[in-house]
Amino acid sequence: MTNPTAAAMTPYVILSQTGFFQDLTPEQLRQVAALSRMQQCDEGHHIYDIGEPATKAYVLVRGMVRLAIGLGERNASAGDILRRGEVFGWAALTPDSSLRIATASCLTPCRFLVIDGAKLIRLMEDDHTLGYRLMTQLTRLITSTLTAFAAG
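Chemist: Please give an account of the confidence of the model for the protein that cites residues and values.
Modeler: Regions with low pLDDT carry predicted coordinates that are not meant to be interpreted in detail. Confidence in the prediction of the protein, expressed as mean pLDDT, is 88, and 85% of residues score 70 or more. Within the protein, no element has a lower average pLDDT than strand S5 (residues 74-82), which sits at 62, and none a higher one than helix H2 (residues 26-33), at 98.

Chemist: Talk me through H2; I want residue IDs and the actual numbers.
Modeler: Listing the buried residues of H2 in full gives Gln28, Leu29, Val32 and Ala33. Each buried residue of H2 sits inside an arc of 140° when the element is viewed along its axis, so together they form one side.

Chemist: Can you break down the packing of aromatic side chains residue by residue, with the values?
Modeler: Per the counting criterion, the structure on display carries six aromatic pairs. Both rings, one in tyrosine 58 and one in phenylalanine 88, keep their centres 5.0 Å apart while their planes meet at 15°; by these two values the pair is stacked. Here tyrosine 58 is found in strand S3 (residues 56-62), whereas its partner phenylalanine 88 is found in strand S6 (residues 87-88), with 30 residues between them in sequence. For the pair tyrosine 58 and phenylalanine 88, a shared accessibility class is recorded, and that class is buried. Ring pairing ties together the aromatic residues Tyr48, Tyr58, Phe88 and Phe112, which thus form one cluster. The ring of tyrosine 48 has arginine 100 sitting right over it, with the charged end atom 4.0 Å from the ring centre.

Chemist: Please give an account of the environment of histidine 45 that cites residues and values.
Modeler: With respect to the helices and strands, the residue histidine 45 is situated in the loop between strand S1 (36-41) and strand S2 (46-48). Distance in space between the C-alpha atoms of histidine 45 and alanine 104 is 8.7 Å, their sequence separation being 59 residues. Other than its neighbours up to four places away in sequence, histidine 45 contacts Ala104, Ser105 and Cys106.

Chemist: Go over the sheet that holds S3 with me, naming the residues and quoting the values.
Modeler: The strand order across the open sheet formed by four strands is S1-S8-S3-S6, and the pairing between neighbours is antiparallel. The open sheet has two free edges, formed respectively by S1 and S6, since each of these has just one partner strand. Taken together, the two bridges between S3 and S6 define a ladder with antiparallel strand orientation. Pairing of valine 59 across the sheet is with valine 87, part of S6. Running at roughly 50° to strand S8 (residues 110-116), helix H3 (residues 117-126) makes contact with S3 and S8 of the sheet.

About the criteria used
Residues numbered from 1 in each chain as written. Predicted model: local features only at pLDDT ≥ 70, side-chain atom pairs only at ≥ 80, totals over all residues. Heavy atoms only, no water. pLDDT = per-residue confidence, 0-100. Helix = DSSP H or I, 4+ residues; strand = E, 2+ residues; numbered from the N terminus. Buried < 20%, exposed > 50% of the residue type's maximum accessible area, 1.4 Å probe, protein only. Arc of directions from axis to C-beta. Phe/Tyr/Trp six-rings, centres within 6.5 Å; stacked < 30°, edge-to-face > 60°. Lys NZ or Arg CZ within 6 Å of the ring centre and 35° of its normal. Contact = heavy atoms within 4.5 Å. Pairing = 2+ DSSP bridges. Axes fitted to C-alpha atoms, helices over the stretch in contact; angles between N-to-C directions.

Structure, rendered in structure tokens:
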């Protein structure tokens, strides 16, 4: 993800510079951008916690986020520190998932793009090419997250 000025950081620009969305056409990027909004949070803010409804996915634009995957009462770091341009909150993009399996917290003041998961799933169902491209990226993301978790 390159570093344009804050004024140029529209949802479309952010998505176009994020590896997860790199295979989408300009029209597909516009459609996903229409489902997105910017959000800022202070250091220490919990973006989401284990067990909460998984309704949104995120692209980190500025700052650092700590991701911890857990089972029951147990948390373990996985993926550890997320940085600019990384997608997280992927449970919102899995049609049969309803709850978070991780906690995401801001280690610094953060700015991120928030994407409505249910609307993106509907868009993926309506545009199978977009759906296939994003599901391919989602598979890679889940695999890398679980690999990091298993590696400890």
